[in-house]
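So the chains spell out like this:
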Amino acid sequence: MTKPDALPAHPARLIHPPKPRLALSIGITGHRLNRLPASAIPRIAAEVADVLRQIQATITRMHARDGGVWSADAPRLSVVSSLAEGADRIVAEAGLAAGFELEAPLPFPKEIYEEDFADAASREEFGSLLARAARVVELPGQRTAAEQAYERAGLVMLDHVALLIAVWDGGPAAGRGGTPDMLEAAARRGIPVVVISAADAAAPPTIRWRDMDQHPRPDLSFYDLPAQPVRRLDEMVGRLIAPPVNGDEAAHLAAYLRERRRRVQFRQAWLWLQAVAFIRRPRWRDFRATSPEAAAEDEAAAHAGAPPELTAAYGWADALANYYAQVFRSAFVVNFLCAALAVFAVALSILVSKSFGIKAIGKPVFVGAEILLLLWVMLNTIQGRRRAWHRRWLEAREVAERLRVALPMHGLAARPVIQQGPIGIWTAWYERALLRAAGLTALRGTDDRGITARTALLRMLDGQRSYHNSTHARLHKLEHRLEAFGEVLFVLTLIAAVIYMAVELSCGPIRESWQFLVTALTAGLPVLATAAYGIRVIGDFEGSARRSKRMAAEITALIAAMEADDAASAGDLAAAQERARRAADIMLGDVASWRIAAEGRTLAIPG
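Residues numbered from 1 in each chain as written. Predicted model: local features only at pLDDT ≥ 70, side-chain atom pairs only at ≥ 80, totals over all residues. Heavy atoms only, no water.

**A look at the packing of aromatic side chains**
Line of reasoning, step 1. For the structure on display, the rule yields 18 aromatic pairs.
Line of reasoning, step 2. Here Phe222 and Tyr223 contribute two aromatic rings whose centre-to-centre distance is 5.9 Å and whose plane-to-plane angle is 80°, an arrangement assigned as edge-to-face.
Line of reasoning, step 3. Relative to Trp426, the ring of Tyr256 lies with its centre 4.9 Å away and its plane at 35°, an arrangement referred to as tilted. Linking Tyr256 in helix H8 (residues 247–257) with Trp426 in helix H14 (residues 426–438), this pair joins segments that are 170 residues apart in sequence. Like Trp426, Tyr256 is buried.
Line of reasoning, step 4. Among the aromatic residues, those joined into a ring-pair cluster are Phe108, Tyr113, Phe117, Phe126 and Tyr150.
Line of reasoning, step 5. The ring of Phe117 carries Arg89 above its face, with NZ or CZ at 4.5 Å from the centroid.
Line of reasoning, step 6. One residue, Arg143, lies across the ring of Phe108, its end atom 4.4 Å from the ring centre. (Phe/Tyr/Trp six-rings, centres within 6.5 Å; stacked < 30°, edge-to-face > 60°. Helix = DSSP H or I, 4+ residues; strand = E, 2+ residues; numbered from the N terminus. Buried < 20%, exposed > 50% of the residue type's maximum accessible area, 1.4 Å probe, protein only. Lys NZ or Arg CZ within 6 Å of the ring centre and 35° of its normal.)

Next up, the structure:
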């Protein structure tokens, strides 16, 4: 459990998507010295040290047991403490002694926070602990709103921990953001709490966590959670950390971690469909698949100081999502077109053999073409299902979008709201594991990293707004041009049938060759129109266009709110954190609705 001196260099060129480093951050809430009897401090320190030792031993065993999903790096264990006198420092000292990292979110800049500590010895102890911290966040709290500043520091701590140690006497809070408030907030987020009594020496440590129940209720207050014996600590940590155990999800996670980089994008039908609809011209670079390193470097440049593991994971997810999106979309375009052309080939065989008299080779050639087209549809579908192009696209895109949101939030010392406890969906588990390994960002009041991170958030939102505006325009055009194409074919079919009937009724039977031409047209054109309809249904172009239009409007409103924040109080970190959380709600909500809509549109044989 080593303490890094600085962030590592960007990971070397990886063969597979990065595995997360096994990490666990432990928060602390508890009383200051005015509510901690001096005689109780040695006991509390010993009980805290014992809890940390048990956690350390459990994490070591889990790293060995589930090594297939974790990186080879040693597990990273940390204590997240604001370093107030009393419980905060007791746990910080115990963590450092056990080899844990120390991360310190401070409610004020260091110089202002020191005013909380009355004597020189306490300030010296604070300075010593701060110097040993791996990462420090100085929140821009104001002494005139001290309770609000303490509460914000507590919430930043809860954002970044999976487990909470509470040194508590069972009494009410002395002010806003006190221990009981943090306990209630932890219960709402599903964070387990190890309670160590601040007053009763006979009371053993206990665990309070809703997920210790077989049928957990998310609406329970902390006070309604039954106390569990601390001997269940190993079980609790296992539930917090363990990868998904569901057979499908575990297999999908393992498959994702085995993915390899894709260099060439052979399947181009999706791009050619856009070309013939006059949406987008093909380019030579379309044959080159997205590089994970290029995508990662773009994100690293946009988010200065972002953990390299996060940007590398984003780069891989984005590259794989782009690759499989085009593969899947090209596959269903090919399926519908080949199925339609197979029917059209039959119609043409009748026309050629009957109208032009090429009976010897005409029909076998067209029937052979029909067989090849139908075989291609079947093989394309079988391959797509076996290789799970659809699922791999959806999962990689979900991972990429989760990390896209998390990266600017990390720079603001914030995170998307992540429920602790067992997770059945591997994409959410993977994101949570990566964010745990990233830890807190280092953010000082004397530097401009907060402003830089806020600017990066604004740029990300502006890029997403442009993307959704472009996507709305492109897919809306594609939907309506395919719809118009189908309607034109049906109209042509109707015109051919009407002309045929008019000629038959007014002039008598027409030549046999013309009859076969009409038959070919009235059989083949509706099939092509139906293929266009099938592509529209599976592609869900209009639904995607509407979602992008809605997203662009919501992001535009959020950007306007951030610009108004600038006018009111430039550089307000708390305001930027709230805007980042709103951005996460908007974008992750869109990802969830998109995945629900897309999951049912799998690759199938038309029919």
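There is more to say after this.
**As for the sheet that holds strand S5 (residues 163–168)**
Line of reasoning, step 1. One open sheet accounts for 8 strands, arranged S4-S3-S2-S1-S5-S6-S7-S8; its pairing is mixed. At either end of the open sheet lies a strand with only one pairing partner, and these are strand S4 (135–138) and strand S8 (228–229).
Line of reasoning, step 2. Sheet strands in contact with helix H5 (residues 146–159) are strand S1 (23–30), strand S2 (76–80), strand S3 (101–106) and S5, and its direction is about 145° off that of S3.
Line of reasoning, step 3. Along the sheet, helix H6 (residues 179–189) contacts S1, S5 and strand S6 (193–197); its crossing angle with S5, the most-contacted strand, is approximately 150°. (Pairing = 2+ DSSP bridges. Contact = heavy atoms within 4.5 Å. Axes fitted to C-alpha atoms, helices over the stretch in contact; angles between N-to-C directions.)

**Here we look at a positive patch on the surface**
Line of reasoning, step 1. On the surface, Arg281, Arg283, Arg285 and Arg288 cluster together into a positively charged patch.
Line of reasoning, step 2. Within the secondary structure, Arg281 is located in the loop between helix H9 (269–276) and helix H10 (292–302).
Line of reasoning, step 3. Its relative accessible area of 70% is what places Arg281 among the exposed residues. (Patch = residues over 30% accessible without salt bridge, like charges linked within 9 Å, V, L, I, M, F, W, Y side chains within 5 Å. Areas by Shrake-Rupley, 256 points an atom, 1.4 Å probe, with all protein chains shown as cover. Salt bridge = Lys/Arg side-chain N within 4 Å of Asp/Glu carboxyl O. Lys, Arg positive; Asp, Glu negative; His and termini not counted. Charge placed at Lys NZ, Arg CZ, Asp CG, Glu CD.)

**Overview of a nonpolar patch on the surface**
Line of reasoning, step 1. On the surface, a cluster of nonpolar side chains totalling about 720 Å² of accessible area is made up of Val367, Ile371, Leu372, Leu375, Met378, Leu379, Ile382 and Ile605.
Line of reasoning, step 2. Relative to the helices and strands, Val367 is located in helix H12 (residues 362–386).
Line of reasoning, step 3. A relative accessible area of 31% places Val367 in the partly exposed class.

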